[in-house]
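# Chain and residue survey
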Amino acid sequence: QLQLVESGGGLVQPGGSLRLSCAASGFTSNYYAIGWFRQAPGKEREGVSCIKMSTGSTNYADSVKGRFTISRDNAKNIVTLQMNSLKPEDTAVYSCATDLGVRFRLCDLKGAQYDYWGQGTQVTVSS
């Protein structure tokens, strides 16, 4: 069965860095995408970044473009989100999810297209 496990969250000062990992298991092909989403208290969930495992194509939200980098290790089915120059507004619970319907399209940041979700990991950016 499909499982997603996030790790790497924590407390960091503004301007600092964190690296989040999403470990996926139970997949039988690389025709899927992994997306990172975040939700802060009182705010709507937003897509942060996604990567298509078969091609490595990526997508980023404007709010994190140039600061965050998503990458993949296909052999291990692990997706990493490197987060640099963190800001207080980046504080949220970050979750990874998989989109199983990307065989003939690119990944996007619409949460409704994602099928399975991990438990989430807390990221807090504060001085």
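Here, every reference points to the structure presented above.
About the thresholds
The written sequence of each chain sets the order in which its residues are numbered from 1. Predicted model: local features are reported for residues with pLDDT of at least 70 only, side-chain atom pairs are reported and counted for 80 or more only, and whole-chain, interface and lining totals are derived from all residues. Hydrogens are left out, water is left out, and the side-chain values use all remaining heavy atoms of the structure. By definition, two strands form a pair when at least two bridges between them are found by DSSP. Secondary structure elements are defined from DSSP: runs of H or I of at least 4 residues count as helices, runs of E of at least 2 residues count as strands, and each element is numbered from the N terminus. Axes here refer to lines fitted to C-alpha atoms; in helices the fit is confined to the stretch in contact. Angles between the N-to-C directions go from 0 to 180 degrees. Note on terminology: disulfide denotes any pair of cysteine sulfur atoms within 2.5 Å. Exposed residues in this analysis have more than 50% of their type's maximum accessible area, buried residues have under 20%, and partly exposed residues fall in between, with area computed by a 1.4 Å probe over protein chains only. In what follows, a contact means two residues having at least one pair of non-hydrogen atoms within 4.5 Å. Think of a nonpolar core as a cluster: buried Ala, Val, Leu, Ile, Met, Phe, Trp, Tyr and Cys residues, connected wherever their side-chain atoms sit within 4.5 Å.

### As for the sheet that holds strand β3 (residues 18–25)
- Strand order in this open sheet of four strands is β1-β3-β8-β7, and the pairing throughout is antiparallel. Both edges of this open sheet fall to β1 (3–7) and β7 (68–73), since each of them pairs with a single strand only. Strand after strand, the sheet turns through a mean of 15° between neighbouring axes, direction not considered.
- As paired elements, β7 and strand β8 (residues 78–83) share six bridges and run antiparallel to each other. The residue bridging Ile70 from the neighbouring strand is Leu81, located in β8.

### Things to note about the state of the cysteines
- According to the stated counting rule, one finds two disulfides in the structure shown.
- The disulfide partner of Cys22 is Cys96, and the S-S distance across this bridge is 2.2 Å. Here the disulfide of Cys22 and Cys96 is right-handed, its torsion about the S-S bond being about 70°. Note that Cys22 is positioned in strand β3 and Cys96 in strand β9 (residues 92–99), a separation of 74 residues in sequence.
- The buried category is assigned to Cys22, whose relative accessible area is 1%.
- Its relative accessible area of 0% is what places Cys96 among the buried residues.
- Covalently, Cys50 is tied to Cys107 through a disulfide, its sulfur atoms 2.2 Å apart.

### Overview of the environment of Ala75
- Mapped onto the secondary structure, Ala75 falls in the loop between β7 and β8.
- Along the chain, Ala75 and Val123 lie 48 residues apart, while their C-alpha atoms are 27 Å from each other.

### Details of the side chain of Asn77
- Along the chain, Asn77 turns up in the loop between β7 and β8.
- Contact partners of Asn77, with chain neighbours within four places excluded, come to Cys22, Ala23, Ala24, Phe27, Asn30, Tyr32 and Met53.

### A word on the side chain of Asp90
- Note on placement: Asp90 falls in the loop between β8 and β9.
- Among the residues examined, Asp90 registers a relative accessible area of 1% and is labelled buried.
- If near-sequence neighbours (up to four positions away) are discounted, Asp90 is found in contact with Arg38, Arg67, Phe68, Ser85, Val123 and Val125.

### Remarks on the nonpolar core
- Residues Ile34, Trp36, Phe68, Val79, Leu81, Met83 and Tyr94 are the most contacted members of the largest nonpolar core, which totals 28 residues.
- Elements supplying a minimum of two residues to this core: β3, β4 (33–39), β5 (46–52), β7, β8, β9 and β11 (121–125).
- At four residues, β3 tops the list of elements feeding residues into this core.
- With residues near it in sequence (within four places) discarded, Val79 still touches Leu20, Ser21, Cys22, Ile34, Trp36, Ile51, Met53, Ile70, Ser71 and Arg72.
- Core analysis: the next-biggest nonpolar cluster, separate from the first, contains seven residues, Ala97, Val102, Cys107 and Tyr114 among them.

### Overview of the pairing of β8
- Pairing between β3 and β8: six bridges, direction antiparallel. From the neighbouring strand, Leu18 faces β8, where its bridge partner is Met83.

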